[in-house]
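Listed below, chain by chain, are the residues.
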Amino acid sequence: MGDVNAPPGLSVTVLGCSGTYAGAGGACSGYLLRTATTNLWMDCGAGSLGNIQRHVALLELDGIVVSHSHPDHWLELPVLLNALRYGVGAPDLGMPLLWTARTAEQFAAVAAEPEPTFAPQVIDERSTATIGDIGLSFSRTDHPVETLAIRAEHAGRSIVYSADTGNAWRLASLGPDIGRTIDLAIVEATLDESDADVVQHLTASQAGRQAAEAGVATLVLTHLAPGSDPEACRTDAARAFAGPIEVADIDATFRA
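Predicted model, so just to flag it, every value in this text is computed and none were measured.

What counts, and at which threshold
- Residues numbered from 1 in each chain as written.
- Predicted model: local features only at pLDDT ≥ 70, side-chain atom pairs only at ≥ 80, totals over all residues.
- Heavy atoms only, no water.
- Helix = DSSP H or I, 4+ residues; strand = E, 2+ residues; numbered from the N terminus.
- Rg over C-alpha atoms; globule rule 2.2 N^0.38 Å.
- Buried < 20%, exposed > 50% of the residue type's maximum accessible area, 1.4 Å probe, protein only.
- Contact = heavy atoms within 4.5 Å.
- Areas by Shrake-Rupley, 256 points an atom, 1.4 Å probe, with all protein chains shown as cover.
- Pairing = 2+ DSSP bridges.
- Polar contact = N/O pair within 3.5 Å; in protein donor to acceptor, adjacent residues only side chain to side chain.
- Salt bridge = Lys/Arg side-chain N within 4 Å of Asp/Glu carboxyl O.
- Patch = residues over 30% accessible without salt bridge, like charges linked within 9 Å, V, L, I, M, F, W, Y side chains within 5 Å.
- Axes fitted to C-alpha atoms, helices over the stretch in contact; angles between N-to-C directions.

Describing the overall build of the protein chain
Move 1: Scanning the protein chain from terminus to terminus reveals five helices and 14 strands.
Move 2: Computed over C-alpha atoms, the radius of gyration of the protein chain comes to 17 Å, within 12% of the 18 Å expected from 2.2 N^0.38 for 256 residues, which places it in the range of a compact globule.
Move 3: Burial statistics for the protein chain: of 256 residues in total, 54% are counted as buried.
Move 4: Contacts spanning at least 24 positions in sequence make up 61% of the contacts within the protein chain whose residues lie at least 6 apart.
Move 5: For the protein chain, the accessible surface area stands at approximately 10,000 Å², while carbon and sulfur atoms represent 51% of it.

Below, the structure written as structure tokens:
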């Protein structure tokens with residue numbers, strides 16, 4: 001596990017990692033990507049807004065990227081809008097916000113216009129973007145709504161986040177298939193092994209196989225359903241993946 005005080009590089013801090021809903025004391029999906037000069041919030045699930053402020057001030061954020069429109073991945077956005085606009089007095093901030101078309105539609109149904117506090121941009125699997133010194137690319141996953149896995153790169157290091165996906169998507173689409181390595185993969189492991197392929201999510205063993213096929217250096221399991229046994233999930237993933245395996249936990253930091 002990395003340390004936020006370690007030398008500059010590319011790191012990710014877990015702000016929330018519960019699948020579908022947060023268990024007691026937990027939070028839904030949220031991750032803080034950091035370099036020496038950039039703070040990028042990746043997914044904004046319920047509970048992650050409070051947690052991110054232990055690591056950076058809201059005005060220190062350089063941008064936000066949201067993987068898809070399911071509520072457990074974006075519901076803090078309207079609250080963040082109010083915090084920036086009325087709480088910290090930055091209504092004209094123009095913070096970059098990358099999201100899918102459906103996320104934008106759902107936001108519009110519950111919140112005020114995002115501009116000029118945010119500078120929203122609709123993305124899809126063909127998009128690329130740069131926020132600060134972090135380069136981003138995307139791959140559409142196997143999920144009921146348009147969902148984008150995210151590859152983040154900085155100074156030759158990479159972190160890939162699966163977002164939500166079933167087993168028809170390949171982690172390698174953001175690694176070997178495009179001629180690149182994956183230093184750290186954050187991969188969902190929502191389902192119990194007995195429920196494999198029942199819905200479009202992964203089990204821990206499927207996450208492990210995906211990581212092995214993609215030649216990942218380190219695997220982080222995330223989006224576990226509340227009540228799951230983290231060590232059992234690690235064991236299941238290790239049957240397919242021989243490299244280091246971590247299980248996401250709030251405030252844990254991992255370095256690419």
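Picking up where we left off.
Some words on the pairing of strand β6 (residues 118–122)
Move 1: Examined bridge by bridge, strand β5 (residues 95–99) and β6 share five bridges and lie parallel to one another. By the bridge assignment, leucine 98 is partnered in β6 with glutamine 121.

What to know about the environment of isoleucine 159
Move 1: You can see isoleucine 159 is positioned in strand β10 (residues 157–161).
Move 2: Classification of isoleucine 159 as buried rests on a relative accessible area of 1%.
Move 3: Along the chain, isoleucine 159 and threonine 147 lie twelve residues apart, while their C-alpha atoms are 17 Å from each other.
Move 4: Not counting chain neighbours up to four residues away, the residues in contact with isoleucine 159 comprise Leu10, Ser11, Val12, Leu33, Ile150, Arg151, Ala152, Leu184, Ile186 and Ala256.

Brief notes about the side chain of serine 29
Move 1: Summarising the element assignment, serine 29 is placed in the loop between β1 (11–16) and β2 (30–34).
Move 2: For serine 29, a relative accessible area of 0% gives the class buried.
Move 3: Serine 29 has contacts with Gly16, Cys17, Ser18, Asp43, Cys44, Gly45, Ser48, Asp72, His73, Tyr161 and His223, leaving out every residue within four places of it along the chain.

Thoughts on the side chain of aspartate 236
Move 1: Structurally, the position occupied by aspartate 236 is in helix α5 (residues 230–238).
Move 2: In terms of polar contacts, aspartate 236 uses its side chain to reach the side chain of arginine 239, at 2.3 Å.
Move 3: If sequence neighbours within four positions are ignored, aspartate 236 has contacts with Glu193, Ala204 and Ser205.

Some thoughts on the pattern of salt bridges
When the charged atoms of two side chains with opposite charge come close together, those side chains can pair.
Move 1: In this structure the tally under the stated criterion is eight salt bridges.
Move 2: The salt bridge partner of arginine 126 is aspartate 124, with a shortest N-O separation of 2.6 Å.
Move 3: A salt bridge links arginine 239 to aspartate 236; the nearest nitrogen and oxygen atoms lie 2.3 Å apart.
Move 4: Note on arginine 239: relative accessible area 64%, which makes it exposed.
Move 5: Taking relative accessible area as the criterion, aspartate 236 reaches 14% and is therefore assigned buried.
Move 6: Linked through salt bridges whose partners overlap, the residues forming this network are Arg151, Glu153 and Arg180.

Observations regarding a nonpolar patch on the surface
Move 1: On the surface, Leu59, Val88 and Leu93 cluster together into a nonpolar patch covering about 230 Å² of accessible area.
Move 2: Tracing the sequence through the fold places valine 88 in the loop between α2 (77–87) and β5.

Comments concerning the sheet that holds strand β3 (residues 39–44)
Move 1: As summarised here, the arrangement of the seven strands in space is β6-β5-β4-β3-β2-β1-β14, forming an open sheet in which the pairing is mixed. Looking at strand neighbours, the two that pair on one side only are β6 and β14 (253–255), the edges of this open sheet. The mean inter-strand angle of the sheet, taken between neighbouring strand axes irrespective of direction, is 20°.
Move 2: The strands touched by α2 within the sheet are β3, β4 (63–65), β5 and β6, with β6 carrying the most contacts at an inclination of about 150°.
Move 3: Sheet contacts for helix α3 (residues 101–110): β5 and β6; angle to β5, the most-contacted strand, approximately 115°.

Some points on the sheet that holds strand β13 (residues 245–247)
Move 1: With respect to topology, seven strands assemble into an open sheet ordered β7-β8-β9-β10-β11-β12-β13, the strand pairing being mixed. Every interior strand has two partners, whereas the edge strands, β7 (128–131) and β13, have only one. Here the strands of the sheet are splayed against their neighbours by 20° on average, with no regard to which way each runs.
Move 2: As paired elements, strand β12 (residues 218–222) and β13 share three bridges and run parallel to each other. Across the sheet, the residue bridging to leucine 219 is isoleucine 245, located in β13.
Move 3: Set on the sheet, helix α4 (residues 204–213) makes contact with β11 (184–188) and β12; between it and β12 the angle comes to about 155°.
Move 4: Sheet contacts for α5: β12 and β13; angle to β13, the most-contacted strand, approximately 155°.

These figures come from the coordinates and say nothing about function on their own.
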